[in-house]
Amino acid sequence: MTPQQEIENLLSKIALGDRNAFSLLYDRTSAKLFSVCLRVLKDRTEAEEALQEAFLRIWHRANMYRTNGYSPMTWLITLTRNIAIDRYRKAGPKASEKLDLAEVVADDRPGPEAQVVASGERARLEMCLKELPADRAVLIERAYLDGDTYQQLSDATGVKLNTIRTWLRRSLQQLRECLVQ
Amino acid sequence: MTDPENTSGGATPDSVLAAEYVLGLLGPEELEAFEARLDTEEDLVIEVARWADHFAAMVDRLPEATPPGRVKRAIDTRLFGEDERKSLFGWLWPYAVGGIAAAMLAFVAIDTGLVEMPGQVADGPVYRADLEPADPVAANISLSAVFDAGRGVLEVAQVQGLAPDGRDHELWLIVGENAPVSLGVLPDDGVALISWPDALPRDVDGALFAVSEEPDGGSQTGAPTGPIRAVGSITLS
């Protein structure tokens, strides 16, 4: 069984109320999902709360994961990230870490070899991010991994909001073109 | 179709909107409009799932971090009951293998005279069990059970330990590795006389009685849903 099939299997058992499968899923995925919470919230207590909330939702909604066409791990990551970001934003506006775009160089960014689970699909995203200018790729990374908004990116970089938005949209367009090749 | 130099001016392509949606970059109004479209436009749903898949690859860069054990305990408590720390069989296995302990429990039950025989003359075998707290720290509860197999009557005396307000104690029979079978909700105090279900075996030597804490009126699922409060091995009297 591939790891993906294993997680899919566990999710269908959880949908039927199997607590043992729930504990197994927790053992298999909590370290990865906790890393998502920690990165977004940057606070251990908050991250622990978010992870709890994520697993409560996984228990209650395991029957729904197939309906939106996500792979099982993507479903778990997306659900957890959304909870962490909601929590992060509800706590009020925060200044995110300063980002000096002039100092971002391509070599700083991890390549596909740094991946724990390197499927072809995943290697492709890293490759396509590398095709973007480094100071644009980092904006996408901040938006996804840290949950930064356009406003936060603008504040962190000192670049005007509209310019940031234009840059990011253009980069997403380029990323899309690379990904479908 | 879209001039990449002009995305800020003209309409944003759907694929870019979908990416912004996944990233969480849409403002409240854009978000509402986009989610309304997701209800009817299947292509857009697929585009969102595709971006979610692509972006999730970035998570592989993050160093995995094992959460502290209290997180899983808190999740189990919130989902399955107040102080459940182990699964049902996690609680019960020491009893299942503890033959000597079972014999001692039976001895205690007889010796302390807590249990009256349900009739001076029994026609068939009589079984007894003394139910002790599953978690001696959390709950002070004990019950005595006498099953007159000849008459098919089970008598359960609650010696101490009431269910909290709005909750009920439910009695279960566990034979070997079979799933627990409910014998009904126990009254708040005093003695319960339970008519033994015909579907159940009457030879219960070595089986277990367990009491779980359930919502008012008992488990709705046919299986224990709350924490196990008391447990005891059944032995031939």
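Scroll up to find the structure this text is about.
In this report, the structure presented in the accompanying data block is examined.

Basis of the calculations
- Residues numbered from 1 in each chain as written.
- Chains lettered and ligands numbered in written order.
- Predicted model: local features only at pLDDT ≥ 70, side-chain atom pairs only at ≥ 80, totals over all residues.
- Heavy atoms only, no water.
- Helix = DSSP H or I, 4+ residues; strand = E, 2+ residues; numbered from the N terminus.
- Buried < 20%, exposed > 50% of the residue type's maximum accessible area, 1.4 Å probe, protein only.
- Contact = heavy atoms within 4.5 Å.
- Areas by Shrake-Rupley, 256 points an atom, 1.4 Å probe, with all protein chains shown as cover.
- Disulfide = S-S within 2.5 Å.
- Axes fitted to C-alpha atoms, helices over the stretch in contact; angles between N-to-C directions.
- Parallel < 35°, antiparallel > 145°, perpendicular 65-115°, else oblique.
- Left-handed = near helix turned anticlockwise from the far one by under 90°.
- Nonpolar A, V, L, I, M, F, W, Y, C, P; charged D, E, K, R; others polar.
- Expected span 1.5 Å × (residues − 1).
- Polar contact = N/O pair within 3.5 Å; in protein donor to acceptor, adjacent residues only side chain to side chain.
- Salt bridge = Lys/Arg side-chain N within 4 Å of Asp/Glu carboxyl O.
- Buried area = accessible area lost by both parts, 1.4 Å probe.
- Patch = residues over 30% accessible without salt bridge, like charges linked within 9 Å, V, L, I, M, F, W, Y side chains within 5 Å.
- Lys, Arg positive; Asp, Glu negative; His and termini not counted.
- Charge placed at Lys NZ, Arg CZ, Asp CG, Glu CD.

**A short note on the overall build of chain A**
Move 1: Assigned secondary structure in chain A consists of eight helices and zero strands.
Move 2: Taken from the N to the C terminus, the helices and strands of chain A come in the order α-α-α-α-α-α-α-α.
Move 3: The buried share of chain A, taken over its 181 residues, is 52%.
Move 4: Residue pairs in contact within chain A that sit at least 24 positions apart in sequence constitute 64% of those at least 6 positions apart.
Move 5: In the form shown here, chain A has an accessible surface area of approximately 8,700 Å², with 49% of it arising from carbon and sulfur atoms.

**Side note on the state of the cysteines**
Cysteine pairs can be covalently joined through their sulfur atoms, and such a bond is termed a disulfide.
All names here are of chain A.
Move 1: By the definition in use, this model includes one disulfide over all chains.
Move 2: Disulfide pairing is shown between C128 and C178; the S-S distance is 2.0 Å. With the S-S bond torsion at -75°, the cross-link from C128 to C178 turns out left-handed. Placement of the pair is C128 in helix 5 (residues 120-131) and C178 in helix 8 (residues 161-180), with a sequence separation of 50 residues. Per residue, the accessibility class of C128 equals that of C178, and both read buried.

**With respect to the packing of helix 2 (residues 19-41) of chain A against helix 3 (residues 44-61) of chain A**
All names here are of chain A.
Move 1: Put simply, helix 2 and helix 3 touch, their axes get as near as 9 Å, and they point 140° apart. Between helix 2 and helix 3, the angle is such that the two are oblique. Here helix 2 and helix 3 pass one another in a crossing that is right-handed. Of the residues in helix 3, those in contact with R19, F22, L25, Y26, T29, S30, L33, F34, C37, L38 and L41 of helix 2 are R44, E46, A47, E48, A50, L51, F55, I58 and W59.
Move 2: Residue classes in the contact of helix 2 with helix 3 are distributed as 14 nonpolar, two polar and four charged.

**Quick word on helix 3 of chain A**
Move 1: With 18 residues, helix 3 of chain A ought to run about 26 Å at 1.5 Å a step, and its terminal C-alpha atoms sit 25 Å apart, in line with that.
Move 2: Among the residues making up helix 3 of chain A, those that are buried are A47(A), E48(A), A50(A), L51(A), Q52(A), A54(A), F55(A), L56(A), I58(A) and W59(A).
Move 3: Against the buried residues of helix 3 of chain A lie helix 1 (3-15), helix 2 and helix 4 (72-90) of chain A together with helix 4 (69-80) of chain B.
Move 4: Where helix 3 of chain A begins, the side chain of D43(A) points an oxygen toward the backbone nitrogen of T45(A), at a separation of 3.0 Å.

**Looking at the pattern of salt bridges**
Move 1: Across all of its chains, the model carries 23 salt bridges over all chains by this definition.
Move 2: With a closest N to O distance of 3.7 Å, E46(A) and R87(A) form a salt bridge. Here R87(A) lies in helix 4 and E46(A) lies in helix 3, a separation of 41 residues in the sequence.
Move 3: Here K72(B) and D76(B) are joined by a salt bridge, their closest N and O atoms 3.0 Å apart. Taken as a pair, K72(B) and D76(B) lie in helix 4 at a separation of four residues, close to a single helical turn.

**Concerning the interface of chain A and chain B**
Move 1: With 57 residues of chain A at the contact, the number on the chain B side is 50 residues.
Move 2: Across the chain A/chain B interface, buried area totals approximately 5,100 Å², and carbon plus sulfur atoms make up 61% of it.
Move 3: One salt bridge in this structure joins R169(A) and E20(B), with 2.8 Å as the shortest N-O distance.
Move 4: Counting across the chain A and chain B interface gives 17 residue pairs in polar contact (both at pLDDT 80 or more).
Move 5: The leading source of residues in the side of chain A that touches chain B is helix 2 of chain A, at 12 residues.
Move 6: Residue composition of the side of chain A that touches chain B, by class: 27 nonpolar, 14 polar and 16 charged.

**Some words on the packing of helix 3 of chain A against helix 4 of chain B**
Move 1: Contact pair helix 3 of chain A / helix 4 of chain B: the axes reach a minimum separation of 10 Å and the direction vectors enclose 45°. Compared by their axis directions, helix 3 of chain A and helix 4 of chain B come out oblique. Our pair here, helix 3 of chain A against helix 4 of chain B, has a crossing hand that is right-handed. Where helix 3 of chain A abuts helix 4 of chain B, its residues E48(A), L51(A), Q52(A), F55(A), L56(A), W59(A) and H60(A) lie against R70(B), V71(B), A74(B), I75(B), R78(B), L79(B) and F80(B).

**Structural notes on unusual backbone geometry**
Move 1: Of note, the phi angle at K42(A) is positive, near 55°, even though the residue is not glycine.
Move 2: Relative to the helices and strands, K42(A) is located in the loop between helix 2 and helix 3.

**Things to note about a negative patch on the surface**
All names here are of chain B.
Move 1: A cluster of like negative charges, contributed by E29, E32, E35 and D39, occupies part of the molecular surface.
Move 2: Assignment of secondary structure puts E32 in helix 2 (residues 28-38).
Move 3: The exposed category is assigned to E32, whose relative accessible area is 60%.

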